[in-house]
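Here are the chains, one letter per residue:
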Amino acid sequence: MNIPSKVPVSILTGFLGSGKTTLLNRILSEEHGKRIAVIENEFGEVGIDQGLVIDADEEIFEMSNGCICCTVRGDLIRVLGNLMKRRDKFDYVLVETTGLADPGPVAQTFFMDDEIREEFSLDGIVTLVDAAHIEQQLGRSDESTEQVAFADVLVLNKTDLVDDEALDRLEARLREMNRMAQVVRSERADVPVDTVLNLDAFNLDEVLERRPTFLEPEYPFEWTGVYALDPGRFELSLADGPDPAMSLVVVPDQGTDDAALRESAESCVRQYAEPAQPIDPGEEIPVGTHVNLRLDSPGRKSFFLDVDTPVRLGLYAQHTAEEFDLQLKNAEGATIRQEVERTWVAQHEHDDEVGSIAIETDGDLDPIRLNAWLGELLRERGVDIFRMKGFISLAGESQRYVFQGVHMLFDSQPDRPWGDSPRRNQLVFIGRNLDEQSMRQGFEACLV
Amino acid sequence: MSGLNLDRPTGILRPGWSATVDDYAIAGGWTRRGEALVVADAAGGVYAFNGKSGASAWARQETHEGGVLAMAIHPDGTAFATAGQDGRVLLWDVAKDQAQQAIDVGTAWVDNLAWSPDGQWLAASCARQVRTYGADGREAWRSDDHPSTISAIAWSPAGELATACYGQVAFFDASTGEPRQKLQWKGSLVSMVLSPDGDVVACGSQDNSVHFWRRSTEQDSMMSGYSGKPSALAFDDAGTLLATGGGERVTVWSFQGGGPEGTLPGVLDLHVEPVTTLAFARRTLRLVSGGRDGAVVVWSLRSDGEGDPIGAAVVRDVVAELHWRPDGRALAALDAQGGVTVWRVR
């Protein structure tokens, strides 16, 4: 018996008027060499030009146990079940949902039904967003929020109707809700087809390659500068900036490589959690303490650092040096250049209930503890966790484990061997009202 | 791929003949005394083979655009009907290579077909509606829209038509289409079978359970614990045993005495991949099971549902359907590679 390769399926979601059918037609005309089946659930704004189009009523099947995570799309099971019987199988399947669809049941269908899972692979969820109307929609409907949260790709469409500043603001808001998704801008859904098809979006390596920073943890500070200093008195000078105060931690004996910077960053996170000591202009800054520099008086303000022996100091500042024109000067008034500087992904205000949490740690996980933790988390919060993706290092396993999930359902599979690469864990959760701190602690408690 | 290491059929199964059709052999059946075996494939081909030799009697391609979804042999065994993705039903004479009549049912797929036991009516379901036709192809009645797409249909011996969909089984009067009874249960019903006396309705459900009702009392029960969704169901002619697929095992419930409630089922465990189809030979407790593993196993069952394998064979791919010749002396298997395999039965 031959082992058939799985047929990729993409799900297209988005409110009515967001441009789904335009994108569909675009894909069909550009990929005309392929056999593509389109499963449609509503009459589009424009007709579909070619390809096999199957109209199916969106039939949401809940299970008798009442669990929303077991809810599937019955019409898809039936239609896909028949399509896979043809010998000249389809190269690709596109499922266009209605504007008001919850993407959950569509995605869950590919996990829940054994026969579908055997023949098809969910390639990705593409959500079209009408740039001119999404802000109102996000405020009014759970469906549009969920469509954003579930997406692997967010196509920010109709950008010609909105000014650049508003677009940037909108994109930042969408990214905040879903840090896993790639955001593509378009005017008339004219995005390159390869940005929406064959994403292998459930493959985390691909995601990392596209957006290497998406797993970067967020820090309460934005900037670090490392200065090599001889004994003496130094002046830290700041101009007027965006805030009347700025938090700072000065780390002694700071290394200059990335690992050393990250290590100090972690310890600074703990420092930042402590109440800050207020420092007025003219006062001395204590080393190794969370301080809050008062900057509410007009003009440049100076603070002082006393150094007894040659040392490298790391300044972990709430804002970038640029924002306050931060300068360090020696007793002669000469400006000292930092040896190294870097910026961090800053924490943002979370306005939306829906957001992303990224967890990244080194080390191996205890499979039993991990199972217990994940099991409990998904039992209690599965309804609010829309998507999760990641890879993990299990103790005693030579291979990396990749896993992904939708609500309470998840799949975990051995992936390539670790070899010489450092063993680490990277996870992203997208959900509603997730408690980042307790999830982080819960996960870290699973480390060996 | 099967757990059975079979180069050739064993036990009561003996080599017969084999043939191929162009695509996934999706449905078929024997004519009156097994003179012919008719088969339809997923690409829309319809074929008739000589029942004894396997020689091609006739073949016709592209009967239904998009492919065939269902076939039903008329009870008199000389005619049959096919239905497909083109929204049509075709009526055929077994002896002729051309459809005698075409019926436009709707714009959606026609998924299910069934002749009434007296051969007077043909029922066809299309999306949320079921329609019935006389043997001359004239429409008799059509149902109102069901709450969701109809997943299975069946006739009761008393001449009622049953439909299953998400959340319900409904019964309609055969000649008028008047609704007679509605049995509700919140779950996606994917398959249905009626007991020969018409009292028991059994449905496989998407959530890996079998739900059944006794129509006379409207009492219902649920049998859970399946490892897959039970899409294959079969009652024996006496209504003693209900064989159910759902995962690799065949689970057999006995309606003897007060059962099956509170009893343990018989479990038939030889397939290594999920069971796809089940069929009892006429007037016997002889069951055949086919699976995704390509294995075909004949079981001799006792009235308590337990039993032993008495014959087995393997085909090239997923077993789509199994059909006993009416006299039970031959067995046909249709598979996903388009294979048609017939064994003689000792």
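Residues numbered from 1 in each chain as written. Chains lettered and ligands numbered in written order. Predicted model: local features only at pLDDT ≥ 70, side-chain atom pairs only at ≥ 80, totals over all residues.

**A look at the overall build of chain A**
Point 1. Along the backbone of chain A there are twelve helices and 23 strands.
Point 2. In terms of overall dimensions, chain A has C-alpha extents of about 80 × 55 × 40 Å along its principal axes.
Point 3. Of all intrachain contacts in chain A linking residues separated by at least 6 positions in sequence, the fraction that spans at least 24 positions is 76%. (Helix = DSSP H or I, 4+ residues; strand = E, 2+ residues; numbered from the N terminus. Contact = placed C-beta atoms within 7 Å.)

**Concerning the overall build of chain B**
Point 1. Looking only at helices and strands, one finds zero helices and 31 strands in chain B.
Point 2. Against the 2.2 N^0.38 benchmark of 20 Å for 346 residues, chain B shows a C-alpha radius of gyration of 19 Å, consistent with a compact globule.
Point 3. Its C-alpha atoms give chain B principal-axis dimensions of roughly 50 × 50 × 30 Å.
Point 4. When the 346 residues of chain B are sorted by exposure, 58% land in the buried category.
Point 5. Restricting to contacts in chain B with at least 6 residues of sequence separation, those with at least 24 account for 44%. (Rg over C-alpha atoms; globule rule 2.2 N^0.38 Å. Buried ≥ 20, exposed ≤ 12 C-beta atoms within 10 Å, placed from the backbone.)

**Describing the interface of chain A and chain B**
Point 1. Contacts between chain A and chain B engage 18 residues on the former and 21 residues on the latter.
Point 2. Here the side of chain A that touches chain B is built from residues that sort into five nonpolar, four polar and nine charged. (Nonpolar A, V, L, I, M, F, W, Y, C, P; charged D, E, K, R; others polar.)

**Regarding the sheet that holds strand S9 (residues 182–185) of chain A**
All names here are of chain A.
Point 1. The parallel open sheet is built from seven strands, whose spatial order is S3-S2-S6-S1-S7-S8-S9. The sheet is open, and its two borders are formed by strand S3 (52–55) and S9, each paired with just one other strand. Mean inter-strand twist for the sheet, computed between neighbouring axes without regard to direction, equals 20°.
Point 2. Both strand S1 (residues 7–14) and strand S7 (residues 120–130) contribute to a ladder of eight bridges, which runs parallel. (Pairing = 2+ DSSP bridges. Axes fitted to C-alpha atoms, helices over the stretch in contact; angles between N-to-C directions.)

**Considering the nonpolar core**
Point 1. In terms of nonpolar packing, the biggest core is built from 191 residues, with Val155(A), Leu113(B), Met192(B), Val201(B), Val296(B) and Leu331(B) touching the most fellow members.
Point 2. Residue contributions to this core peak at nine residues, all from strand S16 (residues 160–173) of chain B.
Point 3. Formed jointly, this core draws a minimum of three residues from each of two domains, domain 1 (7–202) and domain 3 (354–444) of chain A.
Point 4. In this structure, Leu113(B) is in contact with Ala70(B), Met71(B), Ala72(B), Ala81(B), Ala83(B), Val89(B), Leu122(B) and Ala124(B), ignoring residues within four places of it in sequence.
Point 5. Within the second largest apolar cluster, 29 residues are counted, among which are Met246(A), Val251(A), Ala265(A) and Cys268(A). (Core = buried A, V, L, I, M, F, W, Y, C linked by C-beta atoms within 7 Å. Domains from an automatic or database assignment.)

**So, the domain arrangement of chain A**
Point 1. Under the domain assignment used here, chain A contains domain 1 (7–202), domain 2 (223–343) and domain 3 (354–444).
Point 2. Taking only C-alpha atoms, the centre of domain 2 of chain A and the centre of domain 3 of chain A are 36 Å apart.

**Section: the packing of helix H3 (residues 103–112) of chain A against helix H6 (residues 142–150) of chain A**
All names here are of chain A.
Point 1. Contact geometry of H3 with H6 gives a least axis separation of 9 Å together with a crossing angle of 40°. Relative to H6, H3 is oriented oblique. On the side of H3, the interface is formed by Pro-103, Gly-104 and Ala-107, while H6 contributes Glu-146, Gln-147 and Phe-150.
Point 2. By residue class, the composition of the contact of H3 with H6 is three nonpolar, two polar and one charged. (Parallel < 35°, antiparallel > 145°, perpendicular 65-115°, else oblique.)

**Some remarks on helix H7 (residues 164–177) of chain A**
All names here are of chain A.
Point 1. Relative to the 20 Å expected for 14 residues at 1.5 Å per residue, H7 spans 20 Å between its end C-alpha atoms, a close match to the ideal helical length.
Point 2. Considered for burial, the residues of H7 that qualify are Leu-170, Leu-174 and Met-177. Viewed end-on, H7 has its buried residues packed into an arc of 55°, placing them on one side of the element. In H7, the exposed positions that point more than 90 degrees away from the buried face belong to Asp-164, Glu-165, Asp-168 and Ala-172.
Point 3. Contacts made by the buried residues of H7 are with helix H5 (134–140), H6, strand S8 (153–157), S9 and strand S19 (354–362). (Expected span 1.5 Å × (residues − 1). Arc of directions from axis to C-beta.)

**Thoughts on the pairing of strand S28 (residues 307–314) of chain B**
Residues and elements named next belong to chain B.
Point 1. Sheet topology note: the strand S1 (residues 10–11)/S28 ladder contains two bridges and is antiparallel. By the bridge assignment, Thr-10 is partnered in S28 with Ala-312.
Point 2. Judged from the seven bridges that link them, strand S27 (residues 295–301) and S28 form a sheet pairing that is antiparallel. Residue pairing across strands places Trp-299 opposite Pro-309, the latter belonging to S28.
Point 3. In this structure, the hairpin formed by S27 and S28 is closed by a connection of five residues, where Gly-305 is found at a positive phi of approximately 100°.

**Quick notes on unusual backbone geometry**
Of all residues except glycine, most have a negative phi; of all peptide bonds, most are trans.
Point 1. A positive phi angle is found at Ala189(A), which is not glycine, with a value near 55°.
Point 2. Take Ala189(A): it is sitting in the loop between S9 and helix H8 (204–210).
Point 3. Among the residues examined, Ala189(A) registers 22 C-beta atoms within 10 Å and is labelled buried.
Point 4. In this model, Ala127(B) sits at a positive phi of 50°, which is unusual for a non-glycine residue.
Point 5. As for its position among the elements, Ala127(B) is in the loop between strand S12 (121–126) and strand S13 (129–134).

**So, the sheet that holds strand S4 (residues 36–41) of chain B**
Residues and elements named next belong to chain B.
Point 1. The four strands are arranged S3-S4-S5-S6 in an open sheet whose pairing can be described as antiparallel. Two strands lie at the open edges of the sheet, namely strand S3 (25–30) and strand S6 (56–60), each paired on one side alone. The average undirected angle you get between the axes of adjacent strands in this sheet is 15°.
Point 2. Pairing between S3 and S4: five bridges, direction antiparallel. Paired with Ala-25 across the two strands is Asp-41, which belongs to S4.

**Things to note about the confidence of the model for chain A**
Point 1. For chain A, mean pLDDT is 85; residues scoring 70 or higher make up 91% of the total.
Point 2. Contacts from residues 210–214 of chain A, a stretch scored under 50 in pLDDT, to residues over four places away or in other chains number seven contacts. (pLDDT = per-residue confidence, 0-100.)

**What about the environment of Pro298(A)?**
Residue and element names in this part refer to chain A.
Point 1. With respect to the helices, strands and loops of the structure, Pro-298 is situated in the loop between strand S14 (290–294) and strand S15 (301–307).
Point 2. Among the residues examined, Pro-298 registers 7 C-beta atoms within 10 Å and is labelled exposed.
Point 3. Remark: the alpha-carbon pair of Pro-298 and Gln-413, spanning 115 residues in sequence, is separated by 59 Å.

**Comments concerning the pairing of strand S19 (residues 209–214) of chain B**
All names here are of chain B.
Point 1. Where burial is concerned, most of S19 is hidden: five out of the six residues are buried.
Point 2. Bridge count for strand S18 (residues 200–205) against S19 is six bridges, and the pairing is antiparallel. Of the residues in S19, the one forming a bridge with Val-201 is Trp-213.
Point 3. The antiparallel pairing of S18 with S19 creates a hairpin that spans three residues between the two strands, and Asn-208 there sits at a positive phi of about 60°.
Point 4. Summarising the sheet, S19 and strand S20 (residues 219–223) pair through five bridges and their orientation is antiparallel. By the bridge assignment for S20, Trp-213 is matched with Asp-220.

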